[in-house]
Amino acid sequence: MALDTLRTNKVRSGLTILGIVIGVMTVITISSVINGLNGSISNLVASFGTNVLWIFRFPVIGVRPTAEMLARKQMTYEDMEEIAKLPHVVAASASLQYTNYQFNAGSVIAKWGTRKVDNVSLDGDTASTAEVYDRILTEGRYFTQMDQDSAADVTVIGSDLREGLFGPVDPLGKEVIIDGRTFTVVGVLDKQKTAFGGGKNPADSYAYFPISTFRKLHPEILDYWLSAKFDDQKNKGLVEDEIRELLRRRRKVRNSAEDNFSIFGSDSITRLWTQITGSLFLLMFGLSAVGLMVGGVGVMNIMLVSVTERTREIGVRKAIGATRGVILMQFTLEAIVLCAVGGAIGIVVGSGVAMIARFFISATVSPIWVAVAFICSCGIGLIFGIYPAYKAANLNPIEALRYE
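How each quantity is defined
- Residues numbered from 1 in each chain as written.
- Predicted model: local features only at pLDDT ≥ 70, side-chain atom pairs only at ≥ 80, totals over all residues.
- Heavy atoms only, no water.
- Helix = DSSP H or I, 4+ residues; strand = E, 2+ residues; numbered from the N terminus.
- Buried < 20%, exposed > 50% of the residue type's maximum accessible area, 1.4 Å probe, protein only.
- Polar contact = N/O pair within 3.5 Å; in protein donor to acceptor, adjacent residues only side chain to side chain.
- Pairing = 2+ DSSP bridges.
- Core = buried A, V, L, I, M, F, W, Y, C linked by side-chain atoms within 4.5 Å.
- Salt bridge = Lys/Arg side-chain N within 4 Å of Asp/Glu carboxyl O.
- Contact = heavy atoms within 4.5 Å.
- Phe/Tyr/Trp six-rings, centres within 6.5 Å; stacked < 30°, edge-to-face > 60°.
- Lys NZ or Arg CZ within 6 Å of the ring centre and 35° of its normal.
- Patch = residues over 30% accessible without salt bridge, like charges linked within 9 Å, V, L, I, M, F, W, Y side chains within 5 Å.
- Areas by Shrake-Rupley, 256 points an atom, 1.4 Å probe, with all protein chains shown as cover.
- Axes fitted to C-alpha atoms, helices over the stretch in contact; angles between N-to-C directions.
- Parallel < 35°, antiparallel > 145°, perpendicular 65-115°, else oblique.
- Left-handed = near helix turned anticlockwise from the far one by under 90°.

(A) Highlighting the environment of Ser121. Looking at the element boundaries, Ser121 is found in strand β4 (residues 115–125). Note on Ser121: relative accessible area 2%, which makes it buried. When the C-alpha atoms of Ser121 and Gly385 are compared, they prove to be 61 Å apart, with 264 residues separating the residues in sequence. Among the polar contacts made by the side chain of Ser121, one reaches the side chain of Thr99 at a distance of 2.7 Å.

This is the structure we're talking about:
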């Protein structure tokens, strides 16, 4: 009977459930994007390694550096060498970068023959970097300690840089001109994971060099980024304390003074993302609540109109024995079905939007949120349909029969 009522008043029913559709569609779309990005962030964090600590002169994740932080003494290559000697540290590395941090893109040109690639970033690493980050190469090899000791003019390039310069040609052994100097390509890195789908990853447009070779290119850059890989997750706190004690001693920090450096790991990215998704969840809740409330008011209004229009029907049903409970159940069920149909349409539309969004950004439809959205839409029907149903159930049968 509820579905028959919907079919009889298609346009009116459609306009009534529009708010429900919008509210549920918002829930499905935003939750799908958050769910997809959560998976991407998890993969990104895993690619950095859960057993890796980063050391820099100030925190760079989720913190705006103060003037005091920016003025701190830089980390040194010798700091990395001492960290590598700690008992639970498996490997340590030091890195220097030449890139445009403001625009997250490089500012160097790479050339091979007649082909060139713009916006290339440069990275100087120790040979141990491959061990610290478990870097995967699709072609060739990573540079060795011998390359580093001799400051060899060799480079490992990112996948996008390889594609832009060489296309189908084998790049190994080829000489490329990067930042005005000639280097021999010895390896190609696999595509780097990214937190957000769509577009090119700037990390795939890097050229990596032995750190001694990088110093020949840019001797002015001395701001080292240190990384330390430790043996077991259970030793993480111990390793942090050992590194902190070592660096405080080397940097001559007084006992009463705060650290003039920062130690953090991939869990910092997870914490920052949790804060961001918390804000997105509040936004989703607000937008969907407005849509559902508007839809609920519309349902209540249309059900009150329906009660008035069907007064004769209610009177006849009561006259032949229908109880108040039966009438209450009938109209409440109609309101729930009306909202459930709106919820189902919202789920279909929201899932469609999420599928389209996958071409631009990570998005995964969550069965849990689909269930939550559908239950909420049915709940709106129950909440806003109970008053019209109560009014219908309490109509006087004699007055109802005399209505016309």
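(B) Structural context of the pairing of strand β2 (residues 89–98). In terms of residue burial, β2 counts as a mostly covered element, since seven of its ten residues are buried. Bridge count between β2 and strand β10 (residues 225–230): six bridges; the pairing is antiparallel. What sits directly across from Ser95, in β10, is Trp225. Here β2 pairs with β4 via four bridges, running antiparallel. Considered in β4, the bridge of Gln97 is made with Asp123.

(C) Focus on the nonpolar core. Of all hydrophobic cores here, the largest spans 41 residues; its most connected members are Ile55, Ile83, Leu122, Ile178 and Ile243. Val24, Ile30, Cys339 and Ala389 belong to the second largest nonpolar core, which has 29 residues in total.

(D) Local environment of the pattern of salt bridges. One pass over the full model with this rule turns up 13 salt bridges. We note a salt bridge from Asp125 to Arg135, for which the minimum N-O separation is 3.2 Å. Remark: Arg135 occurs in the loop between α6 (129–133) and β5 (137–140) and Asp125 occurs in strand β4; sequence separation between them is ten residues. Accessibility expressed as a relative area gives 1% for Asp125, which makes it buried. Looking at Arg135, the relative accessible area reads 23%, which means it is partly exposed. Across the pair Asp241 and Arg244 runs a salt bridge whose closest N-O atoms are separated by 3.8 Å. You can see Asp241 and its partner Arg244 sitting in helix α10 (residues 236–250), three residues apart, about one turn around the helix. For Asp241, a relative accessible area of 46% puts it in the partly exposed group. A single network of salt bridges, built from pairs that share partners, joins Asp241, Arg244, Arg248 and Asp259.

(E) Expanded view of unusual backbone geometry. The backbone phi angle of Asn119 is positive, close to 55 degrees, even though this residue is not glycine. Mapping Asn119 onto the fold places it in strand β4. Asn119 gets classed as partly exposed once you look at its relative accessible area, which sits at 48%. In this model, Asp179 sits at a positive phi of 55 degrees, which is unusual for a non-glycine residue. Mapped onto the elements, Asp179 comes out in the loop between β7 (175–178) and β8 (181–189).

(F) Expanded view of the side chain of Thr155. Along the chain, the position of Thr155 falls in strand β6 (residues 154–157). Reaching out from Thr155, the side chain makes a polar contact with the backbone oxygen of Tyr208 at a distance of 3.0 Å. Beyond its immediate stretch of four places on either side in the chain, Thr155 contacts Val176, Ile178, Phe183, Thr184, Val185, Val186, Gly187, Ala207, Tyr208 and Phe209.

(G) Molecular detail of the packing of aromatic side chains. In the structure shown here, the tally under the stated rule is ten aromatic pairs. On the numbers, 5.1 Å between centres and 75 degrees between planes, the contact of Phe56 with Phe58 is edge-to-face. Aromatic side chains Phe56 and Trp225 sit 5.4 Å apart centroid to centroid with 35 degrees between the ring planes, which places their arrangement in the tilted category. Pair noted here: Phe56 is in strand β1 (residues 52–56) and Trp225 is in strand β10, with a separation of 169 residues, a long-range link. Note on Phe56: relative accessible area 8%, which makes it buried. Taken together, Trp54, Phe56, Phe58, Trp225 and Phe264 form an aromatic cluster joined through their ring pairs. Here Arg215 stacks its cationic end above the ring of Tyr77, 5.4 Å away from the centre of that ring.

(H) Spatial organisation of a nonpolar patch on the surface. Together, Leu382, Ile383, Ile386, Tyr387 and Tyr390 make up an exposed nonpolar region whose accessible area comes to about 520 Å². By secondary structure assignment, the location of Ile386 is in helix α14 (residues 367–393).

(I) Quick peek at the packing of helix α13 (residues 324–357) against α14. At their nearest, the axes of α13 and α14 sit 7 Å apart, and the two run at 150 degrees to each other. When the axis of α13 is compared with that of α14, the two are roughly antiparallel. When the axes of α13 and α14 are compared, the crossing they make is right-handed.

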